[in-house]
Every structure is written in C-alpha cells, then in structure tokens.
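So you can see what is in the structure, the chains are spelled out below.
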Amino acid sequence: MNFHKDMLYWLTAIRLKIGPATIRRGLNTIPDIKALFTAKTHELKCAGFNEKQIQHIQNPDFYHAEQDLKWCERNHCSIITLNDPDYPRQLFEIYDAPLLLFVRGCVKILSEIQIAIVGSRNPSVIGKENAEHFSYALAKAGFIITSGFALGIDKLCHVGAIAATGKTIAVFGTGLNCIYPASHRKLADTLIDHGALVSEFPPEESPKACNFPRRNRIISGLSVGVLVVEAAIRSGSLITARFAMEQNREVFAIPGSIHHPLSKGCHQLIQQGAKLVETTQDIIEELGLLSRLCQKIPKNTENPTTSTKIDVKSKRLLQYLGYEVTPLDVIMRRSGLTTSEVSSILLYLEMQGYVQSVCGGFVRTLKK
C-alpha cells in the first residue's frame, strides 16, 4: 500500500499528546504538517502552542510512527488524513475532528449516509430485539449502520446490518490491532468484508477508559443521526448522544418501561428534545430530505419475523404481558387462569415466537 510522503509526520502528530483541535488550529498558521516539526519556537508560539506543547513537538516520536506505518502496510490498512479527499466531510466539520483515521475495509463508505445506533452493553431481551430490528430495517433502507463494536447493543447492530446484506462501520476505542473485546475477533474479520473498522488511535493502542468517550464523538460525527436503543442515566450511550447534539445531529430514542433502569437514559433524552421513535419510518421521516436518498422500507423488512395466527385464548393472554419482564404469578393474577393453563399457553406462544422466557418471568417479543 502506497502512502504519501508526509504520512510519517501525520502519524507522529497523533502521538504528541496534543488535542487534534489544537493541532488543526496551528496548521492554519503553519504551512503543512511537515513544517510543524521544523518550525522555530517563536513560530510555534505564534501558531498558538504553549511551552509544554512546543516541547512535545520539538521531541517527536518518529520511531513508533514508523512502526505504525509498517503495520498498516502489512495489514492493508488505509490511513486518511484531514487533507485527504477521502476524509469524510461530515466528520471534517466537527470541532475536534481526528487528524487521521486508520481504516480496514471500504474507505468510501465513510462518506455515505450513516445512522449511528448505540446502547447498553447488558441490554434487556427487548433491547436486543430492538437493536437487531432497527439496524436490519435501516440497513435495508440504504443507511450505513455505525456503532462502537462493544458488547451488547453495538454488536447486535453490526450483526443486524450484515443480516440485511447492508454495510456497517465499527469505530474502535483502541487501535485496530487490538480487538476489544477479544470475543469479537470473528466479527471484526466479517466487518472488514461488509464495511469498515475505523480508529483514530495507533494500531497497538490498548483499551483505556479515557479513549472511549473520544471514540464516541467519531461515531456521532460520522452520522446524520444517533439512535439510542437502551441506556442508563450514566452511560457511554448518553455521551454519544450529547456529542450528537453538540454536533447538530439528530438524536432518536426508543422509550421503554418507566420501571426499567435501561429506559431512564432514553426517557431523559426524550425530555431534552430527542425524537421518540417506535418504527424506522419515524427516523426516516424526521431526517426529511435524506429520506429521498434512501429507498422506502418494504413492509416485510420492518420486522424480519414471520407472522403466525394464534387462537383467541392465546391472544387474550398475550394482552397481560408487557415488553418488560412479567412474572408468572402476575400473569396468572391478571388472567384469572390456572397454573397449568397459563403454562400451556405460554409454551405455545414461546414456540410461535410471541413471548420469550427470561430470568424472572416472560417478555413479549416484537412479533405482531
């Protein structure tokens, strides 16, 4: 893979421990990235750098930058800098756009219309279904699905997009040579063929708590909107939503039970002005002009499960179950049926895909 002559300087710049917004501002005064490392002290001061930052610039780590370049050459990894025509315009416009992106997979899809879908690492049963359902349908509608490659909702969104034969982008909070979590190694390989793996961090960067919020601004920055499936009040998903609001992106949230802690973050977002959504069509309509660029969702993709008619007795019992966990004794009390009657009907409904047995009781699925 061929890289332009200044690439080593860009790779060195991301190791300076100076924020990308500060370096980008400095490059408004300094002619180019190479000149940053040859500039005199007074020139760097004029460009807005303080003494500590100037020390970093005047003591660059070219050795590790060279190792990064060699890794990218061996692993067919593209590097897109701020000056590159392939740098996604949507991301370029945010205040602290990364100086460069490491990309494995298709570079071009970074500039296509994306919806970010994020949520809990430990989602509920209905949260899991919503994640796959919305990612599947939005991918069918023509959107690229972007998420953070984490456990739970993120993984299910990538999987849902692939199931729809769509494209998906995983934004890492580590370097691309550090698959985190390790259990997603197979998923990473699949994503390279169905989209792209993206990171602003050097390839060998290990997981660090401070890097994941930085990753979240890229997830929202690449996208036209962010959908939050499930989130607690204090969660990384709400950080992504906050970045989206600051970046003037649309924010969508799926409501849930008022008693479920993973619904509280979504409800808070709705109170703050996020769009409450029940279907993918809600999202497309809210995006207005962008809906013209996406095909109308076929009715059979709004919910991938097939429809099966059920008898009146089963349908009546189904009314006593919510999309939150409902204990067996509560179902019996609501329905007035015996234990054997309720158990028999629930077994039938579970076999037909209308309910699911979980710890503590039963929940309804998205099947109509």
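Remember, it's a predicted structure, so these values are computed and weren't measured experimentally. (Residues numbered from 1 in each chain as written. Predicted model: local features only at pLDDT ≥ 70, side-chain atom pairs only at ≥ 80, totals over all residues. Heavy atoms only, no water.)

(A) Looking closely at the nonpolar core. In this structure, L36, F49, I79 and L110 are the most contacted members of the largest nonpolar core, which totals 71 residues. In terms of residue count, the dominant contributor to this core is helix 1 (residues 7–13) (five residues). In this view, L36 contacts L16, I23, I30, L44, F49 and I57; residues no more than four positions away in its chain are not counted. Counting 24 residues, the second largest nonpolar core, distinct from the first, contains F134, F143, L227 and I283. (Core = buried A, V, L, I, M, F, W, Y, C linked by side-chain atoms within 4.5 Å. Buried < 20%, exposed > 50% of the residue type's maximum accessible area, 1.4 Å probe, protein only. Helix = DSSP H or I, 4+ residues; strand = E, 2+ residues; numbered from the N terminus. Contact = heavy atoms within 4.5 Å.)

(B) Up close: the environment of A232. Here A232 lies in the loop between strand 7 (225–228) and helix 12 (236–246). With 31 residues separating them in the primary sequence, A232 and S263 have C-alpha atoms 6.6 Å apart. Ignoring any residue separated from it by four or fewer positions in sequence, one finds A232 in contact with L238, P261, L262 and G265.

(C) Quick look at the packing of aromatic side chains. The tally for this structure, following the rule as stated, stands at six aromatic pairs. An angle of 80° between the planes, with centres 6.0 Å apart, marks the rings of Y87 and F92 as edge-to-face. For Y87, a relative accessible area of 5% translates into the label buried. The structure contains a cluster of three or more aromatic residues connected by ring pairs, namely Y9, F37 and F62. (Phe/Tyr/Trp six-rings, centres within 6.5 Å; stacked < 30°, edge-to-face > 60°.)

(D) Just the sheet that holds strand 1 (residues 78–81), in detail. Ordered in space as 1-2-6-5-4-3-7-8-9, the nine strands form an open sheet in which the pairing is mixed. At either end of the open sheet lies a strand with only one pairing partner, and these are strand 1 and strand 9 (275–276). Across the face of the sheet, helix 10 (residues 185–193) comes into contact with strand 2 (100–105), strand 5 (168–171) and strand 6 (195–199) while running at roughly 115° to strand 6. Helix 12 rests against strand 3 (114–118), strand 7 and strand 8 (250–253) of the sheet, and its axis sits at about 155° to strand 7. (Pairing = 2+ DSSP bridges. Axes fitted to C-alpha atoms, helices over the stretch in contact; angles between N-to-C directions.)

Nothing here speaks to function; it is all geometry.
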